[in-house]
Structures are given as C-alpha cells and as structure tokens.
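Below, each chain spelled out in residue letters.
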Amino acid sequence: MTHSEQDGQTTEAAHRRARFGTLPERIHPQDTVETRPATLPDPARDTYDADEWLVRYCG
C-alpha cells in the first residue's frame, strides 16, 4: 500500500467518523405516543344512573 492510498483511507475514515461517529439522541417510547380522548366528553351522557331501575321496579 502506498503512502497516498493510506492517506486516502485515513481521510475516508475521518469523513465517516465525522458523519456517523456518534449515535443520535435516544428517543424514549413515551415521547413517541400521543394520547387523547377519541371523543369529547358529553355531560348529558353521564347523567344515567345504572341503579335507577331498582328504585322504579323494586320499590
């Protein structure tokens, strides 16, 4: 291997290290997911009392 070939390989290695020498910052899984409700809360929907039938039919 000649001196110019070694310099070329060294230069290529330096360019590769400059471009790929460090890993990108770590991304945490909780940073990749966005959670939000599928629908907006409806106050009229929450007025139902599941035990109301007991008062009407068993009282």
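Residues numbered from 1 in each chain as written. Predicted model: local features only at pLDDT ≥ 70, side-chain atom pairs only at ≥ 80, totals over all residues. Heavy atoms only, no water.

To continue, consider the overall build of the chain. Summing up its helical and strand segments, the chain has two helices and zero strands in all. Burial analysis of the chain (59 residues in total) assigns 2% to the buried set. Here the chain has roughly 6,500 Å² of accessible surface; of this, 54% comes from carbon and sulfur atoms. (Helix = DSSP H or I, 4+ residues; strand = E, 2+ residues; numbered from the N terminus. Buried < 20%, exposed > 50% of the residue type's maximum accessible area, 1.4 Å probe, protein only. Areas by Shrake-Rupley, 256 points an atom, 1.4 Å probe, with all protein chains shown as cover.)

A few words now on a nonpolar patch on the surface. Residues Trp53, Leu54, Val55 and Tyr57 make up a contiguous nonpolar surface patch of about 500 Å² in total accessible area. On the secondary structure map, Val55 appears in helix H2 (residues 52-57). What makes Val55 exposed here is its relative accessible area of 67%. (Patch = residues over 30% accessible without salt bridge, like charges linked within 9 Å, V, L, I, M, F, W, Y side chains within 5 Å. Salt bridge = Lys/Arg side-chain N within 4 Å of Asp/Glu carboxyl O.)

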